[in-house]
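Residue-level structure breakdown
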Amino acid sequence: MSHARDLQVHLDAQRRAFTAEPYPSLATRRDRLTRLATLTRRHRDEIAEAISTDFGQRGEVETRLAEVATILQGAGFARRRLRRWMRPSRQPVGWRLQPARARVHTQPLGVVGIISPSNYPWSLAWLPAIDALAAGNRVMIKPSEQTPATSALMARLAARYFAPEELCVMEGDAEVARAFASLPFDHLLFTGSAAIGREVARAAAANLTPITLELGGKTPVLIAGDADLEKAAERIAFGKWLNAGRTCIAPDYVLVEAPQLEGFLKAMQRQVSRFYPEGTASRDYSSVPGAEHRARLESMLHEARDHGCRVIELGERLELADGGVKLPPTLVVDPTENLAIMREEVFGPWLSVIGVPDMDNAIARVQRAPRPLALYAFTEDSDLRRRLLEETHSGGVVFNDTLWHNAVPALPFGGVGESGIGSYQGEAGFRRFSHARAVFLQSPRSPVGWLNPPYRRWLLRLLGL
């Protein structure tokens, strides 16, 4: 109860501040975005150190690319386009209502709550905050309890750069997270697993709080017969083993035409050797934090072995002096759909590779699976690309690469079906955290009085009604 009371106090303070300033000016919003970017840029070394502490080891370059650069780019993109996003948009009224006028006016929702995950503890907290601040809202963030060093740094810097009634970070355990999800926010965004996402949705429903859920899922990769296997292997290896596979849009399984299966496996082995010449000891290869999570991954792999799957380990398990553990990049060949590695999101360095007769079979497999957060396809065939866009569903689609759609701030990021509800980033995020308010301005010369009772049937015929 004390957690709930403390959280409610912060929410009440932010709501009072919002009531006093319900429509922040363009200058105010830009200033908040500038402070957020400055906070990240000035303290990037501390951010990298905190995340590496939480992970056991995390390469500094990965942190700068995935955590720091994304925030600087997203904040800059929003600042430059904010004036246009805030401008009311004129709408047609139709000849029957002329000379009246209509427009859509976007207004802030109020206080936005953000529950962020542990895999990208900095960027997945601040990216939605960028959109919420751009839209003129106040923001409360509950970072993951699994990254205490990063969460503590986030709370300390937020208090230095923002007034608590503008933005605050609430540290705490799972009990605090549950209390946070139960607050009557004006919008709540959650990033994490589908199981926890369902709990968050139930808690938000009690207050009729609108939600955005980013839940991940099993991201497929399709490799057509015309694909360049070496190039495909390079891009898949990058997308899969960035952050040791702990990326919600990382490739989860590969569907490759059967005649190319062995060639693709060899190409993947070559790429991993090039990326990590020292194997798991490479400073650029991240550890997998969390004993429970590692146990789940290792159980998944043991089950695949026990059922006769070919398992190709591309390195060795490495115990770090500070308690971190690195699990090697691993290929699991032709697992059946009943195995855990094919039922659950892997969220780690195991990659299933499955030979299929053709792309028709691959598309059918994608169609019957839950809708993923991303879909990747390697092909130059325009007809196949069209089919994938028209016949499959996913949060995003990338052709001949992986991950990089999420680096384009103009593109919305979000899931569909099992992979989430709603999207944010760029203008999509601004709209997500705004209310599109319909505005109708009647003209003193309006003829609508002719439609008052008693009704004139001849007038309805004249109007074609």
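The notes below deal with the structure included here. The shown structure was predicted, so the numbers you read here are calculated from the model rather than taken from an experiment.

Attention now moves to the overall build of the protein. For the protein, the helix and strand inventory stands at 16 helices and 20 strands. Relative to the 2.2 N^0.38 estimate, which gives 23 Å for 465 residues, the radius of gyration of the protein is 25 Å and therefore close to what a compact globule would have. Across its three principal axes, the protein shows a C-alpha extent of roughly 80 × 55 × 40 Å. Here the protein, with 465 residues, has 52% of them falling under the buried criterion. Pairs at least 24 apart in sequence give 73% of the contacts found in the protein among residues at least 6 apart.

To continue, consider the packing of aromatic side chains. Each aromatic ring pair is specified by the distance between its two centres and by the angle formed by the two planes. Taken as a whole and assessed by the stated rule, the structure comprises eight aromatic pairs. Between Phe-180 and Phe-185, the aromatic rings sit 4.9 Å apart at their centres with planes inclined by 45°, giving tilted as the arrangement. The two residues Phe-180 and Phe-185 agree in class, both being buried. Centre to centre, the rings of Phe-275 and Tyr-276 are 6.1 Å apart; their planes meet at 85°, and the pair counts as edge-to-face. Here Tyr-276 falls in the buried class, since its relative accessible area comes to 9%. Cation over ring: Arg-246 sits above Phe-55, and NZ or CZ is 5.2 Å from the ring centre.

Evaluation of the coordinates by the stated rule reveals two cavities of 30 Å³ or more. Put simply, the largest cavity is a space of about 110 Å³. Every residue lining the largest cavity is listed: Thr-70, Gln-73, Gly-74, Leu-127, Ile-130, Asp-131, Asn-406, Ala-407, Pro-409, Gln-425 and Gly-426. Counting only elements with at least two residues in the lining of the largest cavity, the list comes to helix H4 (60–86) and helix H5 (123–134). Across the lining of the largest cavity, the residue classes tally to four nonpolar, six polar and one charged. Put simply, the second largest cavity is a space of about 40 Å³. Surrounding the second largest cavity, Gly-217, Lys-240, Gly-245, Thr-247, Cys-248, Ala-250, Pro-251, Asp-252, Glu-345 and Phe-347 form its lining.

Attention now moves to the pairing of strand E8 (residues 220–223). Side chains Pro-220 and Leu-222 project from E8 onto one buried face, and the interleaved Val-221 and Ile-223 project onto a second face that is buried too. Where E8 meets strand E9 (residues 253–257), four bridges bridge the pair, whose relative direction is parallel. The partner of Leu-222 across the bridge, within E9, is Leu-255. As for the winding sense of the linkage, the β-α-β connection from E8 through helix H9 (residues 229–241) to E9 is right-handed. As paired strands, E8 and strand E15 (residues 374–378) are joined by three bridges and run parallel to one another. Opposite Ile-223, over in E15, you have Phe-378 as the bridge partner.

All right, on to the sheet that holds strand E3 (residues 111–115) then. Read from one edge of the open sheet, six strands run E5-E4-E3-E6-E7-E18, paired in mixed fashion. Each having just a single partner strand, strand E5 (167–169) and strand E18 (420–421) make up the two edges of the open sheet. Sheet analysis places E3 next to strand E4 (residues 138–142), joined by five bridges and oriented parallel. Note that in E4 the partner of Val-111 across the bridge is Arg-138. Together, E3, E4, E5 and strand E6 (187–191) form the strand contacts of H5, whose direction differs from that of E4 by roughly 165°. Contacts from helix H6 (residues 148–161) reach E4 and E5, with the element oriented near 150° to E5.

With that settled, the discussion passes to the side chain of Ser-443. As for its placement among the helices and strands, Ser-443 is situated in the loop between strand E20 (434–441) and helix H16 (457–462). Overall, the relative accessible area of 12% leaves Ser-443 in the buried class. For Ser-443, the contacting residues outside a window of four places in its chain are Pro-99 and Ala-100.

It is worth spelling out the sheet that holds strand E2 (residues 101–108) at this point. Spatially, E1-E2-E20 is the arrangement adopted by the three strands of the open sheet, whose pairing is antiparallel. Each edge of the open sheet carries a strand with a single partner, namely strand E1 (89–91) and E20. On average, each strand axis in the sheet is inclined to that of its neighbour by 30°, with strand direction left out of account. Pairing of E2 with E20, which is carried by eight bridges, proceeds in the antiparallel orientation. Along E20, the bridge assignment pairs Gln-107 with His-435.

Side chains of Trp-450, Trp-458 and Leu-462 sit close together on the surface and give an oily, nonpolar patch of about 390 Å² of accessible area. Judged by its relative accessible area of 61%, Leu-462 falls in the exposed class.

Among the structural elements, Ser-151 can be located in helix H6. Ser-151 gets classed as buried once you look at its relative accessible area, which sits at 4%. Along the backbone, Ser-151 and Val-169 are 18 residues apart, and their C-alpha atoms lie at a distance of 8.1 Å. Sequence-distant contacts of Ser-151, that is, excluding residues within four places in its chain, are made with Pro-143, Ser-144, Val-169 and Glu-171.

Procedures and definitions
- Residues numbered from 1 in each chain as written.
- Predicted model: local features only at pLDDT ≥ 70, side-chain atom pairs only at ≥ 80, totals over all residues.
- Heavy atoms only, no water.
- Helix = DSSP H or I, 4+ residues; strand = E, 2+ residues; numbered from the N terminus.
- Rg over C-alpha atoms; globule rule 2.2 N^0.38 Å.
- Buried < 20%, exposed > 50% of the residue type's maximum accessible area, 1.4 Å probe, protein only.
- Contact = heavy atoms within 4.5 Å.
- Phe/Tyr/Trp six-rings, centres within 6.5 Å; stacked < 30°, edge-to-face > 60°.
- Lys NZ or Arg CZ within 6 Å of the ring centre and 35° of its normal.
- 1 Å grid on protein atoms, 1.4 Å probe; cavity = no way out; pocket = protein on both sides within 12 Å on 5 of 7 lines; lining within 4 Å.
- Points joined across faces, edges and corners; volume = space filled by probe spheres on them.
- Nonpolar A, V, L, I, M, F, W, Y, C, P; charged D, E, K, R; others polar.
- Pairing = 2+ DSSP bridges.
- Right-handed = clockwise from strand over helix to strand, strands pointing away.
- Axes fitted to C-alpha atoms, helices over the stretch in contact; angles between N-to-C directions.
- Patch = residues over 30% accessible without salt bridge, like charges linked within 9 Å, V, L, I, M, F, W, Y side chains within 5 Å.
- Areas by Shrake-Rupley, 256 points an atom, 1.4 Å probe, with all protein chains shown as cover.
- Salt bridge = Lys/Arg side-chain N within 4 Å of Asp/Glu carboxyl O.

Any link to function would need more than the numbers given here.
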